[in-house]
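A closer look at the structure
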Amino acid sequence: MKRLFALGLLLVLLPAAAAETHTVEVSQSDDGSSYYFEPDVLQVAVGDIVRFEWGNGSHNIAQASDGEANSYVSGFYSGEPQVGGNWTLPAEYTETDGTLDYLCEPHALMGMRGSIIVGSGAAPIPEITLEFGEFPWLSYLLIIPLLGTMWCWGFRHHPEAPRVIALGTTLATLLLSITIFLKAGSSSGYRLMEEYVWSSQFGVSLLLGVDGLSAPMVLLTGILGPLTVLFAWEEQKRPALFFGLLLLLQTATLGVFVTLDYFVFYLFWEVVLIPMFFLVAIWGGPARRYAAYKFFIYTFTASLVMLVGFMALYFEAGANTFSMIEIAKQSGSFAPTFQKWVFAALFIGFAVKMPMVPFHTWLPDAHVEAPTAGSIVLAGIMLKLGLYGLMRAALAPLPLGAEYFVPVMVALAIVSIIYGAALSLAQTDLKKLVAYSSISHMGIALLGVATLTELGLAGAVYMMFAHGLLSPAMFMIAGVVLHQLGTRDIPKLGGLAQKQPYTATLFVAIFLGSLGLPGMATFVAELSVFVAFFQSHGYWLLLPIFGMVLTAGYHLWALQRSVFGPLSKEVNVEKVHEALWYEQWPLFTIVTLAVLFGVLPQILMSPITVACYDILRLMGGV
Amino acid sequence: MGLELLFPEFLLAAAALLLPGTYLLHRNARLCGQLAVATLAVALSATWVQWFGEGLVTPASYFGHLQIDVFSQLFKFAFLTIAFVTGIVSLAYLGELPHRPEFFTLLLTATLGMLIVASASDLLTLFIGLELAAFSSYALVAFQKRDDGSTEAGAKYLLIGSFSSALTLYGISLLYGLTGTLSIASLAAHNWNSDFSGALFVAILFITGGLGFKVAAVPFHAWAPDVYQGAPTPVTAFLAAGSKAMGFVALLRIFVVALGSMLIEWQLLLGIIAIVTMTVGNLAALRQQDIGRMLAYSSVAQAGYILAAFPAMTELALGGAIFHTLVHAVMKGGAFVIVAAVGIAGLGYGIDGYRGLAQRSQLLALTMTVCLLSLVGIPPFGGFFSKFWLFYGIFQAGMAGQQWLLWLVIAGVLNSALSLFYYLRVIRNIYTEDPQGEARPFGEHTRYPALAVLLLLILLIPLEYDYLLTLCRDAAASLL
């Protein structure tokens, strides 16, 4: 019995005995000429314990992002510098393979730094599930709008046919995108994957797949498709070309959202520009040529910079593949300097598309001149490409670069929020007001990304979706007003509610939704981002909150001046009537959806949070 | 070794001799034109059969002067295609002008010169090929002898051309004096005893000057805008697509093969010329009002992109350069086909002539747009792929060690963005303006070349770039 007990005790203690304890001396020489950790490079096994014991002098232990950093960023921390005593590294840091760099804060510049190599020294790559589908859903998603384009072209001499074809095609795409969203589900990893090798010698393939990050964007693109077509129902000028370009644009944007290969991603990214250029240049307002020109050149130049970044990633990874998944796996081998440069290149490409101040000047021009359908796609989908690209293509392979640029991103985001809102407040053109409000809203989304936390990223994606619904609706309102009154100048408007009570109700609902009324989708996004930002940056939150005050201000002020108040005498209001059916239905649908996603955020939030968690896992942040 | 691989050359030579005779007997200019086009078609299909039918396992050498390998077959095929399309367009473009038989005879001899350049294996043969092509083109450029522009362009081309030929020849003679051989293979094997030889550098400078003229590299580009503007448009297409590619063939043979071991002598020189060429070309193109001049400067810029691959000297970069040379021939040739069609229709050669082209002819408008966007390098058109893999190759060489090559990539990328300005101006005119003035309807003859260009740029090159690039890489590998 006694023997058995002893054996039992042994069994219980054995694991504890296996965990070896290592001791590191934290000290300095008597004359203060050298400061050191002894040993400075410590090799331990997984599960070992590391104890630090103080010798001479006042020191502390703080984790550093890499072996060259001079300051504490995040991670383990022994507290303020102390004299004497000891400190044990929390057990969680030695649970997995990896390299931990640390330093003594007061003496980092004197070279007092060390590192602990746990196990193999390389952080384990988190497994991301790849699930190849049995049915090529995503290929169909890309092909159907393209077929619609050709079909429209075939019926170009028929006045009615193109719009019917476009509506049919976009409805089919909507059904497909809903199916894809449901099939993508909310578990980790990529679903419905397809791979078609395009060039084996360079590792280019049409690698398609959706996860919780792209599925909501696919859904958004699907929803906006039929609404755009409906809203442009009465387009008289070259309808076949118009609807054909809209459908082409849909293929291109969907392509960006579902592709997982840098080369093909860039391809779709640029293809987006061509139909958009023509939509603005042919069907736009008086200064359409200038606006289209500016838009094209701005975004093209920026994406070339991005392309160089992609090439650098490809060569540095050395895996002979453009697959985002494979390249992200190599991120551990990218040097910090390399990551900073490449992240900067990618960020320029994405920031112009978002757009962030100071790269935003193309946006108001393009928006004001674009036809309403063009504005809908521009605000609803194209502005999302930038943030989506940032999260999909830049964060996972370049974690250190992203971390380095956090202050820049935060600063740009806050400036965009406040500057965008302030400019909106000053606008008299309703459409320009909405355009600047987009800059402000996308600033909130970037702020979410800059927190690099699960909640922040999820809030950013939710903001992309919510803004993707409500901003197009605001442009539709501007379209309705222009259509009926011939002007969008806010001071000339007034009292529209008296002439079109039902439509005015929709206007109010949309304006309130856009300013972040609880119960509508934007609120969920703003709340998540602000909570995450408060957790990571504390009271800096007051700055974006101040931006929110301005946001509420310009929304309500514009509403009050244009829809309510006495009937305007400056324009002919005699003919003002309720919006037409093809204008009302899209607006109504959007209000319904905005409420739906405001009340039941988990429909989107659960896949989004899982995807954001995956991104952070790939970055090594969790 | 039989001579069947030289069949296209013999055929062209025979046809060039027989064509004037046919005219003297029948007095039928139209027949002569058709015969010339038919000859080109036969030569083209013969090359196709030789190339793809049996494959080409070992290079075949003839008399030590000509060598048929993958590289030369590829370019022979390209030159014959260009000449064939030029022939078709010319049939309609020349209309009832006098001296058409001479025109087609010259077209055949110029093509023959290009074929010889493509397979020359010693410097003298190379030079003879260059001169044969050059002399034929001088006359072709000045063909519309009643037109001041055309004759002026011809005179300019002749003067600058003969000057540059002299430079090339002098460079070649210096090389001969230094090494005692003219064979490219022996030059490549020559043992240069020092790291850097002043005499060799002078020879290189002369050859660069002479061939830089052919590809219109800065500072030897001044002829290009005048000649492109003044020459009959099919001839311009022939020069822009064919003659330029021929210049690159000669450059590749001389620098990469013959002087490949003395990379250090010319690497930096060509790198600097590349950057200057692309920048000057694009900046000058910004201000042009004449479409021919604009495309000429764009040609200068494209020459800069291609030259950037030379200093890299890797199979991938050179393969990309060859690929871009060929795709450039398609894009530029296609653009000039449209310019010719618009010109025949009486809309003139200014950028303003393109106003509202979309409402006159959807096909021509679309083809022009695709060609121009392709020249910028915007996906999904063919030009993007060739340009991407060209810069990819240079980037790779840069990452592999020679860091300064990355500047070539950066310069190329920035220049691509710059070039968008002037191409977009034409596209904007095509789609957003209303047509002005009356125009004759567009003929049927441009329809098929335009469709072929569209098919190539939208479907064939994007979908099959992997295969095409492999071909070009094989060609590059056969050089190295």
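Throughout what follows, the structure given in this document is the object of discussion.

Considering the overall build of chain A
What chain A contains, in helices and strands, is 22 helices and 14 strands. In summary, chain A has a C-alpha radius of gyration of 28 Å against a globular reference of 25 Å for 622 residues, a match within 12%. Along the first, second and third principal axes, the C-alpha set of chain A runs to 95 × 55 × 55 Å. Of all intrachain contacts in chain A linking residues separated by at least 6 positions in sequence, the fraction that spans at least 24 positions is 79%. Carbon and sulfur atoms form 65% of the exposed surface of chain A, whose accessible area is close to 22,900 Å². Of the charged side chains in chain A, 27 are positive and 41 negative; the average position of the first set lies 16 Å away from that of the second.

A few points about helix 1 (residues 7-26) of chain B
Quick reminder: α-helices carry 3.6 residues per turn. Residues three or four places apart thus point the same way. Residues and elements named next belong to chain B. In this model helix 1 runs 27 Å from its N-terminal to its C-terminal C-alpha over 20 residues, within 8% of the 28 Å that 1.5 Å per residue would give. Of all the bends in helix 1, the greatest, near 30°, is centred on Leu18, and the proline Pro20 appears no more than four residues after it. Among the residues trailing helix 1, Arg27 stands out with phi positive, at a value near 55°.

Section: the sheet that holds strand 1 (residues 21-28) of chain A
Residues and elements named next belong to chain A. In spatial order, the strands read 2-1-4-9; together these 4 strands make up an open sheet with mixed pairing. The open sheet terminates on both sides in strands that have one partner only, identified here as strand 2 (35-38) and strand 9 (86-88). The mean angle between the axes of side-by-side strands here comes to 15°, regardless of whether they run parallel or antiparallel. Taken together, the 6 bridges between strand 1 and strand 4 (residues 49-54) define a ladder with parallel strand orientation.

Concerning the pattern of salt bridges
A complete count under the given rule lists 16 salt bridges over all chains for this structure. Here Arg163 of chain A and Glu160 of chain A are joined by a salt bridge, their closest N and O atoms 3.0 Å apart. Since its relative accessible area comes to 14%, Arg163 of chain A is described here as buried. Asp69 of chain B is the salt-bridge partner of Arg253 of chain B, the closest N and O atoms lying 3.8 Å from each other. Taken together, the positions of Arg253 of chain B in helix 10 (residues 233-258) and Asp69 of chain B in the loop between strand 2 (66-68) and helix 3 (70-93) put the pair 184 residues apart, joining distant regions of the chain. With relative accessibility at 5%, the residue Arg253 of chain B sits in the buried group. Relative accessible area serves as the criterion here: at 4%, Asp69 of chain B is assigned to the buried category.

Quick notes on the interface of chain A and chain B
Residue-level contacts link 34 residues of chain A with 39 residues of chain B. Together chain A and chain B conceal approximately 3,500 Å² of surface at their shared face, both sides included; 78% is due to carbon and sulfur atoms. Put simply, chain A and chain B have 1 salt bridge between them. One salt bridge connects Glu433 of chain B with Arg289 of chain A, and the closest N-O pair in it is separated by 3.3 Å. Linking chain A with chain B are 12 residue pairs in polar contact (both at pLDDT 80 or more). In terms of residue count, the dominant contributor to the side of chain A that touches chain B is helix 8 (residues 288-317) of chain A (15 residues). In the side of chain A that touches chain B, the residues fall into 25 nonpolar, 4 polar and 5 charged.

Some words on the environment of Leu97 of chain B
Residue and element names in this part refer to chain B. Position of Leu97 among the secondary structure elements: in the loop between helix 3 and helix 4 (100-119). Take Leu97: its relative accessible area is 30%, and that puts it in the partly exposed class. If sequence neighbours within four positions are ignored, Leu97 has contacts with Phe143 and Gln144.

Conventions used here
- Residues numbered from 1 in each chain as written.
- Chains lettered and ligands numbered in written order.
- Predicted model: local features only at pLDDT ≥ 70, side-chain atom pairs only at ≥ 80, totals over all residues.
- Heavy atoms only, no water.
- Helix = DSSP H or I, 4+ residues; strand = E, 2+ residues; numbered from the N terminus.
- Rg over C-alpha atoms; globule rule 2.2 N^0.38 Å.
- Contact = heavy atoms within 4.5 Å.
- Areas by Shrake-Rupley, 256 points an atom, 1.4 Å probe, with all protein chains shown as cover.
- Lys, Arg positive; Asp, Glu negative; His and termini not counted.
- Charge placed at Lys NZ, Arg CZ, Asp CG, Glu CD.
- Expected span 1.5 Å × (residues − 1).
- Bend = angle between axes of the 7 residues up to and from the residue.
- Pairing = 2+ DSSP bridges.
- Axes fitted to C-alpha atoms, helices over the stretch in contact; angles between N-to-C directions.
- Salt bridge = Lys/Arg side-chain N within 4 Å of Asp/Glu carboxyl O.
- Buried < 20%, exposed > 50% of the residue type's maximum accessible area, 1.4 Å probe, protein only.
- Buried area = accessible area lost by both parts, 1.4 Å probe.
- Polar contact = N/O pair within 3.5 Å; in protein donor to acceptor, adjacent residues only side chain to side chain.
- Nonpolar A, V, L, I, M, F, W, Y, C, P; charged D, E, K, R; others polar.

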